[in-house]
Amino acid sequence: MTDKHGSTISAFATTIAAYHLDDAELVSELDASIWMLEDGDDAGAAWCDEQGYDGYTSYASLDDLPKRAPAFAVLQKRLDQFAANFAETLHWDLSGQRLVLDSLWVNILAPGASHSGHIHPNSVISGTVYIDLPEGSGGIKFEDPRLDKMMAAPSIKTDAPEPQQRFIYRTPVAGDVLLWESWLRHEVMPNRSDAPRLSISFNYGLMPNI
């Protein structure tokens, strides 16, 4: 007897990697380091005001975080390993190339704020380390990269398996680390708590082995 659905093939998977920093002391040090940067980064504060960023980010002002606080240097080593593991999961052929952490920045998202849908151009792996997420402070939403090609496709049933959904959501906890390919569109949902939401984002690019 043939199954009514026939046989199916799952193809062109979109993979998101999840890790966790099992080091409460490191997470605490990163928390303190984020506030240290926010307190002294006048250029970053000015950029946030100009851009209407509700909170603080070092994205446009500081590009040397591992040199500014030991916790960021430790974090970079952890992220290097996570990125290497993720590349293996994706079966990438990196012959003659190597992954390089080319940007690392902190985010303080104020109550009521969000971060609209975006991608990370000029990178191959992107991700976020979650440092302090008060209850209700907003998870992350990932968008099916085929969405703009679906044209007249019907909507998906609400009880469909997650891999079939058009969007998937994650609500991380402190110490969680998520990685994805940089072309994957994502957004940060609104911070519905009464406290700031702290995270650290990063990008990896490819450099030739010399």
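Higher on the page you've got the structure.
Values in this document were obtained by computation on a predicted structure and should not be read as measured data.

Student: Would you mind showing me how to read the layout of surface pockets here?
Tutor: If a probe as big as a water molecule is rolled over the atoms, it shows which places are left empty. Empty space within the largest pocket amounts to approximately 620 Å³. In this structure, the largest pocket is lined by 22 residues; those nearest its centre are Ala13, Thr14, Glu162, Pro163 and Gln164. Listed by contribution, the elements that provide at least two residues to the lining of the largest pocket are strand 1 (16-20), strand 6 (140-143) and strand 7 (167-170). Partitioning the lining of the largest pocket into residue classes produces twelve nonpolar, four polar and six charged. Of the voids in this model, the second largest pocket is the one considered here, and its volume is about 420 Å³. Taken together, 22 residues form the lining of the second largest pocket, with Trp105, Asn107, His115, His118 and His120 sitting closest to its centre. Residue composition of the lining of the second largest pocket, grouped by class: eleven nonpolar, ten polar and one charged.

Student: Help me understand the sheet that holds strand 4 (residues 115-118) in this model?
Tutor: The strands that make up a sheet pair up through hydrogen bonds in the backbone, lying either parallel or antiparallel. Taken together, the four strands give an open sheet; going across it, the order is 4-9-6-7, and neighbouring strands pair in antiparallel fashion. A single partner strand is all that each edge strand has here, and the edge strands are strand 4 and strand 7. Geometrically, the sheet is characterised by an average inter-axis angle of 15° between neighbouring strands, direction not taken into account.

Student: Help me understand the pairing of strand 5 (residues 125-132) in this model?
Tutor: The side chains of a regular strand alternate between the sheet's two faces. The buried fraction of strand 5 amounts to seven of the eight residues, a majority that puts the element mostly inside the structure. The pairing of strand 5 with strand 8 (residues 176-181) spans five bridges and is antiparallel. Residue Gly127 lies in a different strand from strand 8, and its bridge partner there is Leu179.

Student: Where do I start with the side chain of Asn203 in this structure?
Tutor: Along the chain, the position of Asn203 falls in strand 10 (residues 197-208). According to the relative accessible area criterion, Asn203 is buried, its value standing at 7%. A polar side-chain atom of Asn203 sits 2.6 Å from a polar atom in the side chain of Ser126. Each residue touching Asn203, except ones within four places of it in the same chain, is listed here: Val100, Leu101, Asp102, Ser103, Trp105, His120, Ser123, Ile125 and Ser126.

Definitions and limits used
- Residues numbered from 1 in each chain as written.
- Predicted model: local features only at pLDDT ≥ 70, side-chain atom pairs only at ≥ 80, totals over all residues.
- Heavy atoms only, no water.
- 1 Å grid on protein atoms, 1.4 Å probe; cavity = no way out; pocket = protein on both sides within 12 Å on 5 of 7 lines; lining within 4 Å.
- Points joined across faces, edges and corners; volume = space filled by probe spheres on them.
- Helix = DSSP H or I, 4+ residues; strand = E, 2+ residues; numbered from the N terminus.
- Nonpolar A, V, L, I, M, F, W, Y, C, P; charged D, E, K, R; others polar.
- Pairing = 2+ DSSP bridges.
- Axes fitted to C-alpha atoms, helices over the stretch in contact; angles between N-to-C directions.
- Buried < 20%, exposed > 50% of the residue type's maximum accessible area, 1.4 Å probe, protein only.
- Polar contact = N/O pair within 3.5 Å; in protein donor to acceptor, adjacent residues only side chain to side chain.
- Contact = heavy atoms within 4.5 Å.

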